[in-house]
Amino acid sequence: MQNVGGVTLILIAPSVSAGLCQHPLDPMSGVASGGLMIFETKKCCGCKSCEMACSYHHKGVFSPSIASIKVLDTKDRLGFVISLAEQNDGRVIACDRCEGLDEPLCVKYCTERDELQDILKEFSHNR
Ligand code: SF4
Ligand code: SF4
């Protein structure tokens, strides 16, 4: 775990990778300034269905700007990182792990369910 500019960096779900994240977080502009965990992902295709699902879970609308989960292009290499909000910040709503649902909505609509499920487990474990 490392704190950089108020952003908590945590790498990563055991099945995904290990090491400290060194990727620029430029795509985070406008997102929460703190209380985030960042996870590297090897399988995510960047479809952002999880963001849509998450906003629907929270507010019944498709509005990625309020989603707890953000899928960020690393820009300097192929692939994406995933951020999860630990706390409400501006429009961003903290992840509640979809409490009460059999399966988190982001996972339900992800093509890489196992990986995203692992990331959510790590998120809860480190929170
Ligand atoms: S739904 Fe899954 S594959 Fe699509 S962007 Fe989100 S984490 Fe990546
Ligand atoms: S588990 Fe968290 S990130 Fe996923 S849909 Fe639910 S609130 Fe959003």
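Located above this text is the structure these notes cover.
What counts as what
- Residues numbered from 1 in each chain as written.
- Chains lettered and ligands numbered in written order.
- Predicted model: local features only at pLDDT ≥ 70, side-chain atom pairs only at ≥ 80, totals over all residues.
- Helix = DSSP H or I, 4+ residues; strand = E, 2+ residues; numbered from the N terminus.
- Buried ≥ 20, exposed ≤ 12 C-beta atoms within 10 Å, placed from the backbone.
- Contact = placed C-beta atoms within 7 Å.
- Near = placed C-beta within 6 Å.
- Nonpolar A, V, L, I, M, F, W, Y, C, P; charged D, E, K, R; others polar.
- Core = buried A, V, L, I, M, F, W, Y, C linked by C-beta atoms within 7 Å.
- Pairing = 2+ DSSP bridges.
- Expected span 1.5 Å × (residues − 1).

Engineer: Summarise the overall build of the protein; cite the residues concerned and give the values.
Structural biologist: Helix and strand content of the protein: 3 helices and 5 strands. Going residue by residue from the N terminus, the α and β elements of the protein occur as β-β-β-α-β-β-α-α. For the protein, buried positions account for 32% of its 127 residues. A separation threshold of at least 6 residues defines the contact pool for the protein, and within that pool the share at least 24 residues apart is 62%.

Engineer: So what's going on with the site of ligand 1? Which residues, and what values?
Structural biologist: Around ligand 1, a shell composed of 14 residues is seen, among which Cys 44, Cys 47, Ser 49, Cys 50 and Cys 110 lie nearest. Classifying every residue of the shell around ligand 1 by side-chain character gives 9 nonpolar, 3 polar and 2 charged.

Engineer: Break down the nonpolar core for me, with residues and values.
Structural biologist: In this structure, Cys 50, Ile 69, Ile 82, Leu 84 and Cys 106 are the most contacted members of the largest nonpolar core, which totals 25 residues. If you list the elements that add at least two residues to this core, you get strand S3 (36–41), helix H1 (49–59), strand S4 (69–73), strand S5 (80–85) and helix H3 (113–126). With near-sequence residues (within four places) excluded, Ile 82 lies in contact with Phe 39, Thr 41, Cys 44, Ile 69, Val 71 and Ile 119.

Engineer: I'd like a description of the environment of Asn 88, backed by residues and values.
Structural biologist: Positionally, Asn 88 belongs in the loop between S5 and helix H2 (105–108). Sequence separation between Asn 88 and Ile 66 is 22 residues; the distance between their C-alpha atoms is 9.5 Å. Setting aside residues no more than four positions away along its own chain, Asn 88 makes contact with Ile 93 and Ala 94.

Engineer: Please provide a residue-by-residue account of the site of ligand 2, values included.
Structural biologist: Around ligand 2 lies a shell of 14 residues, among which Cys 54, Cys 95, Cys 98, Pro 104 and Cys 106 are the nearest. Looking at the shell around ligand 2, the elements with two or more residues in it are H1 and H2. The leading source of residues in the shell around ligand 2 is H1, at 3 residues. Among the residues making up the shell around ligand 2, the classes are represented as 10 nonpolar, 2 polar and 2 charged.

Engineer: Explain the pairing of S5 to me, using residue names and the numbers behind them.
Structural biologist: S5 sits mainly inside the fold: 6 of its 6 residues count as buried. When S3 meets S5, the two strands line up antiparallel, connected through 6 bridges. Counterpart to Glu 40 in the pairing with S5 is Val 81. Two elements, S4 and S5, share 5 bridges in a ladder whose sense is antiparallel.

Engineer: Which residues make up the environment of Val 92, and what values go with them?
Structural biologist: Mapped onto the secondary structure, Val 92 falls in the loop between S5 and H2. Sequence separation between Val 92 and Lys 70 is 22 residues, and the spatial gap between their C-alpha atoms is 9.9 Å.

Engineer: Before we move on, could you go through H3 and cite the residues and values that matter?
Structural biologist: A turn of α-helix holds 3.6 residues, and therefore any two residues three or four places apart point the same way. Here H3 contains 14 residues, and its C-alpha end-to-end distance of 20 Å stays within 8% of the 20 Å for a straight helix at 1.5 Å per residue. Contacts made by the buried residues of H3 are with S3, H1, S5 and H2.

Read these as geometric descriptors, not functional statements.
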